[in-house]
Structure formats: structure tokens, C-alpha cells
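Here is what each chain is made of, one letter per residue.
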Amino acid sequence: MFDGKQILLVVAGGIAAYKSLELVRLLKAGGARVRCLLTRGGEQFVTPLSLAALSGEKVYQDLFSLTDEQEMGHIRLAREPDLVIVAPTTADLMARLRSGRADDLACAVLLATDKPVLLAPAMNVRMWENPATMENLSVLEARGFHRVGPGTGDMACGEWGEGRMAEPAEILEAAAGFLADRTRLAGRHAIVTSGPTHEPIDPVRYIANRSSGKQGHAVAAALADLGARVTLISGPVRLSDPRGVAVTHVESAEDMLQACTDALPADVAVCAAAVADWKIADAARNKIKKQANGAPPSLALTENPDILASLSAPGATRPALVVGFAAETENLLENARRKLARKGCDWLVANDVSPATGTFGGDRNQVHLMTRNAQEDWPTMDKTAVARALAGRIADALEAQA
Ligand code: PMT
């Protein structure tokens with residue numbers, strides 16, 4: 001998986017640092033050369049000896065170490081790896097990265113690197129939810145840092161909530177995405193739909209749903225990471241456009257269908273958008289006024305076009321592979337399988353969107369990949385990991401068809 005790849009693992013000071021030892025083992029088992037950088041905080045939780053024994057490499061700790069600088073130099077340490085993973089990433093380290101500090105080896109290397117950086121945050125739930133941390137995170141993400149996790153669960157401090165570092169296997173999956181072979185989908189065109197649609201009631205009101213676009217945007221980014229030319233057709237979301245992806249912003253299902261049709265031909269289409277099944281039959285031209293008698297307006301609905309079914313219909317421009325998503329709150333698998341048959345797509349990614357799952361709007365998802373005659377149940381993963389795994393499957397399928 002990682003043959004010939006070099007990874008720099010920065011281990012900062014958090015109890016989750018013990019999981020980084022397993023991460024080193026998994027990366028090495030995957031064929032990577034792993035160098036470790038241990039911060040002063042990290043030294044409190046794992047020893048340089050453990051990291052050195054597992055990685056089979058010297059462990060770097062000091063910015064002002066004469067020997068380290070002679071042997072390697074912090075700039076080389078920053079430039080040589082194909083990927084830098086920071087696991088665990090502490091709240092303090094995020095704050096320091098955000099302000100561009102370079103007063104220890106970890107910050108200096110992360111400031112100097114031009115390679116993708118994958119952060120695996122780990123901290124107490126309140127530290128994670130603190131507006132300062134959230135703001136630091138959004139600044140770092142806007143600057144191009146990538147993130148995996150954190151997950152939700154019991155914490156070492158006895159509290160429960162979001163802030164647990166992603167499991168080593170999940171970090172491994174994310175790392176594989178970054179180091180993916182960008183030639184796999186080179187020359188392929190992918191259409192991805194994402195986010196909700198807004199169906200106007202009048203010029204100021206609309207019908208919408210809770211989709212954030214996180215899953216669809218992650219799929220678009222993952223396909224682009226494999227070298228595809230990606231056209232992302234997005235409903236109204238609060239996300240930045242993924243890097244390296246052409247984005248068409250739309251509002252309604254009709255607009256989304258038109259944009260998809262305009263984007264054809266494509267090798268693959270992935271419909272992750274939560275398209276409104278219905279729209280208002282006759283949206284008002286002006287804002288609907290309250291009536292003097294207090295009677296509420298009655299709104300007649302009419303069916304929206306089905307974008308997935310239309311892309312799946314046989315014809316000269318049908319993509320070789322059409323993938324839908326199914327969002328269900330009951331009888332997930334049965335309903336999804338019926339949907340797969342009804343819409344005519346090749347694969348369907350089924351997910352439970354009951355409020356308790358947090359699928360809508362959350363960072364994690366548990367999906368079932370259904371093909372016409374098989375089904376795989378995937379574990380709960382970060383939406384980016386789901387997207388990378390799906391993109392990998394898409395690449396396999398297109399390669400097999402070629
Ligand atoms: O955006 P997030 O907050 O990250 O949440 C992700 C998600 C839950 C929105 C995503 O994982 C997901 O399930 N997307 C599909 C949502 C949906 O509309 O499902 P559905 O079961 O109602 O529709 C089935 C399929 O038909 C979907 O591929 C949908 O895009 C498509 N469809 C539906 C109606 C319609 N008029 N046109 C369509 O193309």
C-alpha cells in the first residue's frame with residue numbers, strides 16, 4: 001500500500017499517543033518508511049525508544065540538536081516525506097500551527113513542509129468544542145491542512161463526547177488516500193452531486209433538508225485525488241469548494257439536473273446530493289402575505305425530476321458507472337435494495353440518516369455498498385475515509401471495464 005513512500009509521523013503530547021505506536025506498526029507493515037518526530041509533550045506519553053524500535057529509524061526531538069541538524073536538518077525532515085501525519089494533534093499544537101510558530105521542531109517542520117499534512121486531533125470534548133479550537137481548525141483547514149477524526153466516545157479523562165483520536169486503521173486509510181496513485185483515474189471524468197436542494201415557496205422561503213454536503217464533497221475530493229477530472233454540482237452548503245475540483249453551484253433539483261446534463265459525458269456519476277423529491281407546484285412570484293382571517297396558505301407539491309434515474313437511463317451519454325446514495329430512516333437495507341432496482345443505477349451506498357446517527361451534517365458515516373448482486377457492510381468511518389474507500393472501488397471498477 002505504501003511501498004516506496006516516506007511518512008513523517010509527528011507525535012504530540014496526549015494520552016492518545018499510545019495509539020501512534022500501533023500506527024507506526026501499521027504504516028511499516030504497509031511498506032512505508034516512517035520517521036518519527038516526538039514533541040516535548042509527546043515524550044511524557046511514549047518514549048523515543050518505543051518509536052525508534054517500531055520504526056527502525058532515529059527519532060527526532062530537538063530543533064537545536066547539532067547532531068540532528070548535521071544528519072538531516074529540519075528542512076529536509078519537512079521536505080523528504082510524501083506525507084506528514086500529526087497523531088495525536090493537540091489543541092495546543094493546533095493553536096501554535098495556526099499562528100505560524102516555529103519555536104520547536106514540530107512547528108518548524110510543519111511550517112516548512114510543502115507536503116500534505118494530515119491532522120488526527122485528540123483532546124477533551126470541551127477543549128475540542130471550544131470556539132478557539134474550532135476557529136483554529138477552520139483556519140488550518142482553509143490553509144490546506146487535512147484532518148481525520150476525532151471520533152466520539154469515552155475519554156481517558158472520564159468524560160464522553162467528541163475528541164477521541166481516530167483509530168490507527170482509520171488514519172491508515174486516510175493516509176492511503178493521500179498517497180493514492182493519481183494516475184488511477186487520470187483521463188476520467190466524474191460528476192458528483194452534493195448537498196441539499198432548495199425548492200422555492202416564494203422569493204424568500206424554500207423547502208430544504210439537513211444535508212451539509214460533507215459526504216458528497218469528500219467523494220469529489222477523493223476522486224480528484226485519484227486523478228479524475230471532477231465536476232461537483234453542489235446545492236447550497238457552507239463548505240469551501242474542494243481543491244482541484246470544478247464546482248457548479250445550484251439551488252433547486254431542476255438546476256441540479258440541468259447542470260448534470262450539461263456536464264455529460266462522464267465515466268462515472270456519484271449522486272450523493274439530498275435532492276428534494278417534491279417542489280412547490282406553483283411557487284409564488286412575490287412573498288406570500290398572511291391572510292386577514294389567519295388562514296395558512298396551502299402549498300401544493302409536485303414531483304421533482306429524478307436526477308439519479310435520469311443519469312442511469314440507457315443512452316449514448318450514460319456514464320459507465322452510476323452510483324447513488326440511499327438515505328433511509330427505517331428498513332435501511334430493504335428500502336435501499338428496492339431503490340437500487342427502481343432507479344437503475346449500478347451501485348447504491350446506503351446510509352441510515354435517523355437523527356440519532358448524526359449522519360446528516362456529521363463527520364462520520366456508516367454505509368453499505370450495494371451492487372446488483374452483492375453487499376458490503378463498511379464500519380463507521382470518517383466521511384473522508386468512506387469517500388476514499390468508495391473512490392478506490394470506483395477506480396477498480398473502471399479499470400476492470402477498460
Ligand atoms: O450531506 P451530508 O450532511 O454529509 O449527509 C450525507 C447524506 C446523508 C446526504 C448522503 O450520504 C446521502 O445519503 N445522500 C443521498 C440523500 C438522498 O436524497 O437519498 P434518497 O434515498 O432520498 O435518494 C436516493 C438517490 O436518488 C440519491 O442518490 C439522490 O441523490 C437521488 N435523487 C433523489 C431524488 C431526486 N429527485 N433526484 C435524485 O437524483
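Residues numbered from 1 in each chain as written. Predicted model: local features only at pLDDT ≥ 70, side-chain atom pairs only at ≥ 80, totals over all residues. Heavy atoms only, no water.

## A look at the nonpolar core
For clarity, the threshold we go by: Among the buried residues, those of types Ala, Val, Leu, Ile, Met, Phe, Trp, Tyr and Cys that are joined through side-chain atoms within 4.5 Å form a nonpolar core. Using a 1.4 Å probe on the protein chains alone, a residue whose accessible area is under 20% of its type maximum counts as buried, one over 50% counts as exposed, and one in between counts as partly exposed. Strands are runs of DSSP state E lasting at least 2 residues, helices are runs of H or I lasting at least 4, and numbering of each runs from the N terminus. For this analysis, residues touch if any pair of their heavy atoms sits within 4.5 Å.
Ranked by size, the top nonpolar core spans 37 residues in total, and within it Leu-223, Val-230, Val-270, Leu-390 and Ile-394 carry the most contacts. Residue assignment for this core shows that the elements contributing at least two residues are β9 (189-194), α11 (214-225), β12 (229-234), β14 (268-271), β17 (321-328), β18 (347-352), β20 (367-370) and α15 (383-401). With ten residues, the top contributor of residues to this core is α15. Each residue touching Val-230, except ones within four places of it in the same chain, is listed here: Ala-190, Val-192, Ala-220, Leu-223, Ala-224, Val-245 and Ala-246. One finds Ile-7, Leu-26, Val-59 and Phe-178 within the second-largest nonpolar core, a separate group that totals 33 residues.

## Quick look at the pairing of β9
To be explicit about the condition: Two strands are counted as paired when DSSP detects at least two bridges linking them.
A large share of β9 lies buried, amounting to six of its six residues. Neither face of β9 is left uncovered, since the one carrying His-189, Ile-191 and Thr-193 and the one carrying Ala-190, Val-192 and Ser-194 both have all their residues buried. Examined bridge by bridge, β9 and β12 share six bridges and lie parallel to one another. Bridging across to β12, Ile-191 finds its partner in Thr-231.

## Here's the deal with the sheet that holds β17
Put simply, the rule is: Orientation is described by axes fitted as lines to C-alpha atoms, over the contacting stretch for helices, and by angles from 0 to 180 degrees between their N-to-C directions.
Pairing is mixed in the open sheet, where eight strands are placed in the order β13-β12-β9-β14-β17-β18-β20-β21. Two strands bound the open sheet, and with one partner strand each, they are β13 (246-249) and β21 (375-377). Ignoring which end each strand starts from, the neighbouring axes of this sheet average 15° apart. Those strands touched by α11 are β9, β12, β14 and β17, and its axis lies near 165° from that of β9.

## A closer look at helix α9 (residues 131-142)
Stated formally: Helices are assigned an expected span. That span is 1.5 Å times one less than the residue count. Read the arc as the range of directions from the helix axis to the C-beta atoms. By the criterion applied in these results, polar contacts are pairs of N or O atoms within 3.5 Å in which, for protein atoms, one can donate a hydrogen and the other can accept it, and in which residues neighboring in sequence qualify only through two side-chain atoms.
For α9, which comprises twelve residues, the first-to-last C-alpha distance of 16 Å matches the rise-based estimate of 16 Å (1.5 Å per residue) to within 8%. Taken together, the buried positions of α9 are Thr-133, Asn-136, Leu-137 and Leu-140. End-on, the buried residues of α9 take up no more than an arc of 100°, which puts them together on one face. Along α9, the residues that are exposed and aim more than 90 degrees away from the buried face are Pro-131 and Ala-142. Close packing links the buried residues of α9 with α6 (91-98), β5 (117-121), α8 (125-129) and β6 (146-147). One side-chain oxygen at the N-terminal end of α9 lies 2.8 Å from the backbone nitrogen of Ala-132; it belongs to Asn-130. Positive backbone phi, approximately 105°, marks Gly-144, located one or two places after α9.

## Overview of empty space enclosed by the protein
Think of a ball as big as a water molecule: rolled over the atoms, this probe shows where empty space is left. We count it as follows: With a 1 Å grid laid over protein atoms only, a set of points is called a cavity when a 1.4 Å probe fits there but cannot get out and a pocket when it is open yet has protein on both sides within 12 Å along at least five of seven lines; lining residues have an atom within 4 Å of a point. Grid points are joined across faces, edges and corners, and a volume is the space filled by probe spheres set on the points. Side-chain classes follow a simple rule in which Ala, Val, Leu, Ile, Met, Phe, Trp, Tyr, Cys and Pro form the nonpolar group, Asp, Glu, Lys and Arg form the charged group, and the remainder, Gly included, forms the polar group.
Scanning the model with the defined rule gives two cavities of 30 Å³ or more in all. If you go around the largest cavity, the residues you meet are Gln-6, Ile-7, Leu-8, Arg-33, Arg-35, Leu-77, Glu-80 and Pro-81. Considering each element in turn, the lining of the largest cavity owes the most residues, three residues, to strand β1 (residues 6-11). A class-by-class count of the residues in the lining of the largest cavity yields four nonpolar, one polar and three charged. In this structure, the second largest cavity occupies an estimated 30 Å³ of space. Lining the second largest cavity, in full, are Tyr-60, Asp-62, Asp-68, Glu-69, Met-72, Gly-73, His-74, Leu-77 and Leu-105. For the lining of the second largest cavity, the elements supplying multiple residues, two or more each, are α4 (66-71) and α5 (74-79). Looking at side-chain class alone, the lining of the second largest cavity contains four nonpolar, two polar and three charged residues.

## Topic: the site of the ligand
Note the cut-off: The near set for a molecule or strand comprises every residue that places at least one heavy atom within 4 Å of it. The accessible surface values rely on the Shrake-Rupley method and a 1.4 Å probe; as for residues, cover is taken only from the protein chains in view.
Near the ligand there are 29 residues, and of these Ser-211, Ser-212, Ala-273, Lys-339 and Asn-351 occur at the shortest range. Measuring from an oxygen atom of the ligand, one finds a backbone N or O atom of Cys-271 at 2.7 Å. Protein coverage of the free-state accessible area of the ligand, which is 780 Å², stands at 97%. Of all elements in the fold, only α11, α13 (307-312), β17 and α14 (332-343) reach the threshold of two or more residues within the shell around the ligand. With four residues, the top contributor of residues to the shell around the ligand is β17.

## Digging into the environment of Gly-344
Relative to the helices and strands, Gly-344 resides in the loop between α14 and β18. For the pair Gly-344 and Pro-296, spaced 48 residues apart in sequence, the C-alpha to C-alpha distance is 40 Å.

## Observations regarding the domain arrangement of the chain
Just so we agree on the cut-off: For the domains described, the bounds stem from an automatic or database domain assignment. Joining two parts hides part of their accessible area as seen by a 1.4 Å probe, and the buried area is that hidden amount summed over both. Any carboxyl oxygen of Asp or Glu that lies within 4 Å of a side-chain nitrogen of Lys or Arg is treated as forming a salt bridge with it.
Once the domains are mapped, the chain shows domain 1 (6-178) and domain 2 (189-401). Averaged C-alpha coordinates put domain 1 and domain 2 at centres separated by 34 Å. Counting residues at the interface gives twelve residues for domain 1, matched by ten residues for domain 2. Carbon and sulfur atoms supply 45% of the area buried between domain 1 and domain 2, which totals about 880 Å² over both sides. Where Asp-363 meets Arg-147, a salt bridge forms, and the shortest distance between an N and an O atom there is 3.7 Å. Across the domain 1-domain 2 interface, the total number found is three residue pairs in polar contact (both at pLDDT 80 or more). When residues in the side of domain 1 that touches domain 2 are grouped by element, the largest group, five residues, is from helix α10 (residues 168-178). Broken down by class, the residue content of the side of domain 1 that touches domain 2 amounts to three nonpolar, five polar and four charged.

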